[in-house]
Amino acid sequence: MRGVAWLALALSLGTLRGQAQTPELPAHPSELRPPPLQPYTPRPPRRLGLGRGAELLVLEDGTLPLVEGALVFRGGTRHDPPAQAGRTELLAEALRAGGSLHRPGAALDDELDALAAAITIRALPEAVRVEFDCLSEDLDAVLEAIGELLIRPAYPSAEIDRARRRSASVHAARASSARETADEVALRLAFGQTAAPPATDLGGVGREELLALHRARFGVDRLVVGMVGDVEATTLAAKLETLLARLPRAAAPLRAVSRNFRLPARTRVYLLDRPGAAQSEVRCLAPGMRRLNRDFTAASLWSFAVGFGGSSTRLMASLRTERGLVYDGTLHFTPGWEEAGCVFGAFSTRNESVGEASAALVELLRESLRPFSDEELELTRLRLQRAEVFQVDRPRRLLDRALDLRVHGYPLDFWERHAERLRNLSPEAVAEAVARYVDPERLTFLVSGPAALIEEQLQDLGEIVRVGTPGSEPPGTGAELSPSDPAPRLPSSSD
Amino acid sequence: MSLSVLPVVALGSVLALGLSASAAATRSAQEPADARAPGDLELRVEAFQLENGWRFLLLPRPGPPVVSFETWVDTGSRHDHEGARGSAHLLMNLLFKGTERVGSSDWLAERAALEELDAAEAQLASLGGTKDLASLRDARERRDAALAAAAGLSRSQEFTRLFEDAGAGSTLNAYTRADGTRFVVSLPSNQVELWCWLESDRFMSPALRDFHTEREAVLESLLGRASRGTHALLEDELLQLAYVDHPYRYRPVGYREDLSRLTRGELRADFASGYGARHMTTAIVGDFDVARVMELVERYFARVPAGPRREWRAPEEPPQTTERRIEVPADAPPEVLIGWHAPSFSHADAPALHLGLRLLATSRSSRLERRLEREGGLASAVELWPVVGGDELRSLVALRLVPLPGVSTARLEELAYEEIERLASEGPTPEELRAAQRAGRAEHLRGLRDDASLARGLVEHDAKGGDWHGLFRVVERVNDVSAAEVQRVIRAYLGDSRRNVVTLVPRASQAGEGASR
């Protein structure tokens, strides 16, 4: 057998040498004629009902002896009342750390480590995800542990207190990062909140409150389970049904706190003074949309061309390649599943070039509202279509896509419809759609840096409002807009 | 012969059976299951070396039509010259700016402009410190005119655009490390020839255009390190503390004063000495036809010059005999970063130390997390990560401890050293050892899930460990570790005298700034 291999190897090498000497290589990549991509039809996850409103999405994939997945419950941090902002995060942290009545957090950690498995609970704006990853032989044990967490949670006071202290420590560390601070403050101000979060009364949240919140959030009727790996769907569904039989329906309806973008009458620049900062942070925001919006496809294409598609976007061409003012940056729509996101631009630049870079960004936005050339539109469309395979090339990605659609009540053919719309977009349609959100004369900027060095550069950008120092921030920043201010011409939220 | 195969692998059988990725017109994620299974992967690796020295590792994985590429260049920041720290990183960035054939509206004219620019830069440098203001002004005008001429001819985004238009999305990237530089991208599998074209041309005839604007952009990224929290600051300080003479003590992104005086000519020289084919290893993993890719690789990459052998030796690093310690003031809450010199990637002690570190601080029930976070309620973060790592010299592993309010970093250190000493003296329990070994197996399997991490693993084991087979021996090596070995390596490598401690001390102003928000 080895001899056969050697012979075949020798023949192949001979062939390779011969071919190496013959054809000329194309002088430029544009001369290449790639073969068509093999048609690839990703296998969609199987959907199985689990009873009482819960369902299972599962992708059987036995190539590795592993299983990963998530139990996703509708409702997240956006459902926290302002005075209790952070309570869903506290819930997630204290649930994982405290474990269940039968299996306290420390015992759970020991067991999971012994299995080389992990359970993580994450509070997202629109959902809470109980995620896990384990060897397939340990799936039953891991599911059992998750079931106990959901059905008989412990929430010991000591863990609640510890979670609170950890959270405070993490926030303090985050505040030392100029980038994270700028992101957070910009979003708060653009959505009509004050620069600093209001004081919360989370300090008083104890075991009983968290248990009540647990019952309100972790209802079986709000649950979608997703799993991928070395599992058999029908057997798994039966196991889950048994496991979740004792998980009650949610005890209270979900009430989202609505967050509306506040469009200023003219461009407003919030200035956050950071004396001594070596570099300034610039954020630029405009109203956005949720994914279900009919403009989502046009907004995606626009984002890919302007500031989200890698290193050859208009933003990178303007600010990095031509001017050398930034190392990286982004400018794109950030649509939510349930709530309208925004247009979000971000970059860091040296203090002396804040004015130039910000003005270039505004100019770029202005330009981007003119219809793209046919060539740019077609190239951007091709880039999006060709990169699409990376959204479905791994079973986990496929599963997460389907999970998001089910959790947020989107049609299961959402991405197919999006692809169809993408094929039919015209330059004019993209420009019209984006113009409904982006008005270069009414942007919201947050610039943080040494005010003494940068304020003058920002004079021409718009009205400057100091934030972050006591007394400097106008009360009710967002609400100060008069009702007669034209709201963005937001289209209907669904097609 | 222009192609020499190193180990005898499954190439013959693949060709003899005529297996081809194009055999099936339409495939789904269901088939063929065994092609992605772990036991089969090692047998499928095709390893060969071109005559110019460029090594290739091909691993076909029939499935979704995507391919991941990773090229490791054995040239990193440790090779930067004194006074030119950051040049390898800047050079890496310029290698995205196109070649003589891609990225110019008129290469001959652009080359002339770039040469004029180099000459003007040299003239300016020669006038350093002069009081002849007229000459200085003339030289600056000459430099600016050449700069404008070159910029007018540059179409430097064409190179990245070709990748991104082909579907690379955001996978196109590169990373400069102390030991080498990684160039990565994933593409739809019908774009393999495009990758061959661009990757070979990039390393054969880069234009190194847009030097000045790119340097400005990199200087921006240096400024930005301070804006991204304390991680980079502490790591920089730790490297400076832990290494005395070895260039590992310098951060790969470099320093403003060095970058500001770097010239394009110096980068050309660095490229010529460090980017020959003999310094390259590439892994290609995904859905492709092996015979076709071998043919393309031969056609495109055999042209790349081998380049000179590197005459470079790192300065001898004096052995560390006592603890080193430094305090760093910053506008941030307190934390401490502790670094120890550890064995190199392929050292016989590496698996035992890896396992010992896992027992200390890489899971929720690890000893330090349990003592400091879970039971002690003293820390908000306990993290362990490698700072540098290579085969030439010992690596550095770092432990980061962040106290909760009211707890001192000194207290966390004290408890951490107690736990380390306890592990060294008592050793791990049989349960701990089993759990850590099982975790090693699971971690290995998880690393096989996607093509890009598999490509990275192959290249890393081949280039740093000297043998890509090592990727598939990780579990065996970890399973062979005994409790006594863990004790020995913890004592040998995590002792007091090998410690380097960087403590972040909050500035008084931090409270004011935090309060203002």
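In the block above lies the structure referred to throughout.
Source: prediction; values computed, not measured.

(A) Spatial organisation of the overall build of chain A. Across its full length, chain A carries 16 helices and 13 strands. Counting across all 495 residues of chain A, residues that qualify as buried make up 54%. Partitioning the contacts of chain A with sequence separation of at least 6, the portion at a separation of at least 24 is 81%. Accessible surface computed for chain A: about 20,300 Å², of which carbon and sulfur atoms make up 53%.

(B) Fine view of the pairing of strand E6 (residues 173-176) of chain B. All names here are of chain B. On E6, burial follows the alternation: Ala 174 and Thr 176 on one face are buried, whereas Asn 173 and Tyr 175 on the facing-out side are not. Bridge analysis of E6 against strand E7 (residues 181-188) gives four bridges, and the strand direction is antiparallel. Each bridged residue has a counterpart across the sheet, and for Thr 176 the counterpart in E7 is Thr 181. Between E6 and the antiparallel strand that follows it, E7, lie four residues.

(C) Representation of the sheet that holds strand E12 (residues 395-403) of chain B in the model. Residues and elements named next belong to chain B. With respect to topology, five strands assemble into an open sheet ordered E9-E13-E10-E12-E11, the strand pairing being mixed. Edge strands, defined here as strands with exactly one partner in the open sheet, are strand E9 (324-330) and strand E11 (379-388). When strand polarity is set aside, the average angle formed by the axes of neighbouring strands in this sheet is 15°. Where E9 meets strand E13 (residues 499-506), seven bridges bridge the pair, whose relative direction is parallel. When the bridges of E13 are listed, Arg 324 appears paired with Asn 500. Set on the sheet, helix H14 (residues 367-374) makes contact with E11 and E12; between it and E11 the angle comes to about 150°.

(D) Layout of the pattern of salt bridges. For the coordinates displayed, the defined rule picks out 94 salt bridges over all chains. Among the ionic pairs, A:Arg350 bridges to B:Glu216, the shortest N-O distance being 2.9 Å. Highlighted residues: A:Arg350 in strand E11 (residues 342-350) and B:Glu216 in helix H8 (residues 211-225), drawn from two different chains. Residue class for B:Glu216 comes out partly exposed when judged on its relative accessible area of 25%. Here B:Glu295 and B:Arg292 are joined by a salt bridge, their closest N and O atoms 3.4 Å apart. Taken as a pair, B:Glu295 and B:Arg292 lie in helix H12 (residues 290-301) at a separation of three residues, close to a single helical turn. Taking the relative accessible area as the measure of exposure, B:Glu295 reaches 15% and is therefore buried. On the basis of relative accessible area, B:Arg292 is assigned to the partly exposed category, the value being 35%. A cluster of three or more residues bridged by salt bridges with shared partners is formed by A:Glu68, A:Arg122, A:Arg129, A:Glu131, A:Asp133, A:Arg396, A:Asp400, B:Arg446 and B:Arg449.

(E) A look at the layout of surface pockets. Space inside the second largest pocket adds up to approximately 690 Å³. Around the second largest pocket sit 28 residues that line it, and A:Ala278, B:Leu223, B:Arg225, B:Ala226 and B:Ser227 are the ones nearest its centre. The element that contributes the greatest number of residues to the lining of the second largest pocket is H8(B), accounting for four residues. Taken together, the residues of the lining of the second largest pocket sort by class into 13 nonpolar, seven polar and eight charged.

(F) Region of interest: the packing of aromatic side chains. Summed over the entire model, instances satisfying the criterion amount to 26 aromatic pairs over all chains. Centre to centre, the rings of B:Tyr243 and B:Tyr248 are 5.4 Å apart; their planes meet at 80°, and the pair counts as edge-to-face. Residue class for B:Tyr243 comes out buried when judged on its relative accessible area of 1%. According to the relative accessible area criterion, B:Tyr248 is buried, its value standing at 1%. Ring-pair connections join several aromatic residues into one group, and the members of that group are B:Phe48, B:Trp54, B:Phe56, B:Phe69, B:Phe96, B:Phe183, B:Trp195, B:Phe203, B:Phe271, B:Tyr275 and B:Phe301. Residue placement shows A:Arg291 over the ring face of A:Trp337; its charged tip is 4.2 Å from the ring centre.

(G) Structural view of the sheet that holds strand E9 (residues 279-287) of chain A. Residue and element names in this part refer to chain A. Strand order in this open sheet of six strands is E10-E11-E9-E12-E8-E13, and the pairing throughout is mixed. Of all the strands in the sheet, just strand E10 (329-334) and strand E13 (463-467) have a single pairing partner and so form its edges. Strand-to-strand twist across the sheet, computed as the mean angle between neighbouring axes with direction ignored, equals 20°. In this sheet, E13 lies alongside strand E8 (residues 268-273) in parallel orientation, the contact comprising five bridges. Among the inter-strand pairings, Leu 272 is bridged to a residue of E13, identified as Val 467. Sheet strands touched by helix H9 (residues 296-308): E10 and E11. Its angle to E10, the strand with the most contacts, is close to 175°.

(H) Structural detail: the interface of chain A and chain B. The interface is formed by 99 residues belonging to chain A together with 103 residues belonging to chain B. Taken over both partners, the interface formed by chain A and chain B buries close to 8,600 Å², and the fraction arising from carbon and sulfur atoms is 57%. Scanning the region where chain A abuts chain B turns up 15 salt bridges. B:Arg449 is the partner of A:Asp133 in a salt bridge, and the nearest nitrogen-oxygen pair spans 3.0 Å. Here chain A is connected to chain B by 35 residue pairs in polar contact (both at pLDDT 80 or more). Examining the composition of the side of chain A that touches chain B, we find that 11 residues originate from one element, helix H1 (residues 2-21) of chain A, more than from any other. When its residues are assigned to classes, the side of chain A that touches chain B shows 49 nonpolar, 22 polar and 28 charged.

So, how was this worked out
- Residues numbered from 1 in each chain as written.
- Chains lettered and ligands numbered in written order.
- Predicted model: local features only at pLDDT ≥ 70, side-chain atom pairs only at ≥ 80, totals over all residues.
- Heavy atoms only, no water.
- Helix = DSSP H or I, 4+ residues; strand = E, 2+ residues; numbered from the N terminus.
- Buried < 20%, exposed > 50% of the residue type's maximum accessible area, 1.4 Å probe, protein only.
- Contact = heavy atoms within 4.5 Å.
- Areas by Shrake-Rupley, 256 points an atom, 1.4 Å probe, with all protein chains shown as cover.
- Pairing = 2+ DSSP bridges.
- Axes fitted to C-alpha atoms, helices over the stretch in contact; angles between N-to-C directions.
- Salt bridge = Lys/Arg side-chain N within 4 Å of Asp/Glu carboxyl O.
- 1 Å grid on protein atoms, 1.4 Å probe; cavity = no way out; pocket = protein on both sides within 12 Å on 5 of 7 lines; lining within 4 Å.
- Points joined across faces, edges and corners; volume = space filled by probe spheres on them.
- Nonpolar A, V, L, I, M, F, W, Y, C, P; charged D, E, K, R; others polar.
- Phe/Tyr/Trp six-rings, centres within 6.5 Å; stacked < 30°, edge-to-face > 60°.
- Lys NZ or Arg CZ within 6 Å of the ring centre and 35° of its normal.
- Buried area = accessible area lost by both parts, 1.4 Å probe.
- Polar contact = N/O pair within 3.5 Å; in protein donor to acceptor, adjacent residues only side chain to side chain.

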